[in-house]
Amino acid sequence: MAEGVSGETKLAVRAATKRYGEFVALEGCSLEVRPETIVSIVGPSGCGKTTLLWAMSGLNPLTSGEVLLDGTPITRPRPEVGLVFQEANLLPWRNLIDNILFPFEIKGQAPDRAWIDHLLERVSLKGFEQSFPNALSGGMQQRAAIVRALALQPSVLLMDEPFGALDAFTREEMNQLVEEIWLETRTTIVFITHSIEEALFLSDQVVVLTPRPGRVLNVHDVPFGRPRTMEIMASKAVFDLTNRIKAEIYGQQIAGRAAAE
Amino acid sequence: MSEDVVGGKVGKGLQSLSTFGAGTSRLEFLAILATAVIVIGGLELVLRWFAVPHYIMPPPSAIVAALVTDFPLILPHLGHTLVVLLSGFAIGAGFGLVLAAVITQFPFAEKIIAPYILILVTTPMLALVPLLILWFGFGYEPRIIAVALATGPMVMINSATGFRRVDANKIALARSYGASTLQIFWKVRAPMALPMILVGLMIGAIFGLLTAVGAEMVGGGFGLGNRLTTYSSMIRMPQFFGVVLILSLLGILIYVIFFLIGKKWASWET
Ligand SMILES: Nc1ncnc2c1ncn2[C@@H]1O[C@H](COP(=O)(O)OP(=O)(O)OP(=O)(O)O)[C@@H](O)[C@H]1O
Ligand SMILES: [Mg+2]
């Protein structure tokens, strides 16, 4: 309870272990996310990032360990936690606005239309309310998914490689959008990505996971100001940090391969 | 009406009801119309030219004429066939849908029941009609039961395919907002299954029509199927073909209805 009261930790993962049968996906993972920060989780494919995020969302219970939101354990999905999936995950039989209203329908709760309108405006989707997902580009779909997640005004937003399927340009735009939204709402964000550049652009901290089983290898502070300008992103400090994290990830992979042989 | 055009479109339509007929331009439409005129007109000319007797093959004009003059006599039989088809379809489709929705929630039960459904799908229910008549007499009952038995398994097997099409992420989405099992069913599973359900309903209705007519041919007394046997035994071929024409229009009507429903409710599936 102490963290919740002091406001030091928004979200805490304590010794999280997840087994799928014999297979150990996560083992003794611990990390803390301070309120109003963005924390990225990076690591090779299959190291348990989605598993960890779904545990944080309360969708997929841990084998042992716990996830605390404001000091209380998360055992099932909570309204304060929004989730953006690895793909946009819109319901194709609903138009954009009905997709965004879906959470309210499930909860039997009246939507805050003004807030939703504001969000749509923010992500440049005004005028597309009646469009169906198959008529929207990948970037537009993912923006709609972000609006859907933010519509309920969560205090924590979990994002699972949200832009992995987008092209490089759209991806940069989306990163800027996330930064803008964060600057406006100060929602605590946990952001999973394969891209170290993306992680460094967005985060206050970068968590590096090891594969098989997933463990926390290192946590890097990213002490750069916001908004993160081109100059900051092109600086030597960012370059060095990128290389350090890359070395950790690839070092892990090489060690893993050596161990396998 | 050229058979291959209709057949080809139906085949495609089964895969995707919603895209059938999409993008038919005016020119293509005219071409289709012209083909129909040529085929029907050609048939008329050839039959008249060679003076083919009406009892062998009446020309289209004689069929239409017979249909017009005898329509008051045929209409009550159309009514009987519709009663049999609609009630049999409603019962069969109802059972099929509910069974599909329930059974797909329990994979083990599904495995047990699957072979029986397969037998029901592959056995022509027409084969049971003599037995059903023995049990239930010569009224509506055996026919309605036969139609239900023909429709149900078709609806069931296609709907089950639809319900089994679970997208774990979409269900997780609903769960992440605290959706109940019932909400997940109505707001995720059912809409996701709808295109396949519509295909099942359409095939079920067509099979129902076939079975209704067949049962009427066996059962005697009344119904369009019964008219077919009666007219052919009386060698009244124009009337006979008139009834055939009504039956094919019924089939097309079934198709168009489900096409329109699909266009309205399942067009999201490209
Ligand atoms: N339901 C499951 N049953 C069995 N194994 C699973 C299940 N879900 C995930 N796994 C396994 O657990 C490991 C971690 O999976 P997870 O999806 O969390 O990885 P990830 O880091 O998100 O990968 P990616 O970067 O490719 O998205 C993988 O090896 C995967 O095969
Ligand atoms: Mg993943």
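Keep in mind that what you see is a predicted model, and the values were worked out from it rather than measured.

1. Structural notes on the pattern of salt bridges
- Here the structure, examined in full by the defined rule, presents 18 salt bridges over all chains.
- Among the salt bridges present, the one from Lys246(A) reaches Glu197(A), with a minimum N-O distance of 3.8 Å. With Lys246(A) in helix H9 (residues 236-260) and Glu197(A) in helix H7 (residues 196-202), the pair connects residues that are 49 residues apart, well separated along the chain.
- The class of Lys246(A) is partly exposed, set by a relative accessible area of 28%.
- Owing to a relative accessible area of 42%, Glu197(A) belongs among the partly exposed residues under this scheme.
- In this structure, Asp240(A) and Lys236(A) form a salt bridge, with 2.8 Å as the shortest nitrogen-oxygen distance. Remark: Lys236(A) and Asp240(A) occur in helix H9; sequence separation between them is four residues, near one turn of the helix.
- The class of Asp240(A) is partly exposed, set by a relative accessible area of 29%.
- Each of Arg94(A), Glu105(A) and Lys187(B) takes part in one network of salt bridges that share partners.

2. Brief notes about the interface of chain A and chain B
- In this assembly, 20 residues from chain A lie in contact with 17 residues from chain B.
- Overall, the association of chain A and chain B removes approximately 1900 Å² of surface from exposure, summing both partners, and the carbon and sulfur fraction of that is 64%.
- Looking at the side of chain A facing chain B, the largest losses of area belong to Leu59(A), Trp93(A) and Ile106(A), adding up to 33% of the total buried there.
- Run the count over chain A and chain B and you get one salt bridge.
- The partner of Glu105(A) in a salt bridge is Lys187(B), and the shortest N-O contact between them spans 2.8 Å.
- Here chain A and chain B share six residue pairs in polar contact (both at pLDDT 80 or more) between them.
- For the side of chain A that touches chain B, the secondary-structure elements that each account for two or more residues are helix H3 (96-107) and helix H5 (138-151) of chain A.
- No other element matches H3(A), which puts five residues into the side of chain A that touches chain B.
- When its residues are assigned to classes, the side of chain A that touches chain B shows 13 nonpolar, two polar and five charged.

The rules behind each value
Residues numbered from 1 in each chain as written. Chains lettered and ligands numbered in written order. Predicted model: local features only at pLDDT ≥ 70, side-chain atom pairs only at ≥ 80, totals over all residues. Heavy atoms only, no water. Salt bridge = Lys/Arg side-chain N within 4 Å of Asp/Glu carboxyl O. Helix = DSSP H or I, 4+ residues; strand = E, 2+ residues; numbered from the N terminus. Buried < 20%, exposed > 50% of the residue type's maximum accessible area, 1.4 Å probe, protein only. Contact = heavy atoms within 4.5 Å. Buried area = accessible area lost by both parts, 1.4 Å probe. Polar contact = N/O pair within 3.5 Å; in protein donor to acceptor, adjacent residues only side chain to side chain. Nonpolar A, V, L, I, M, F, W, Y, C, P; charged D, E, K, R; others polar.

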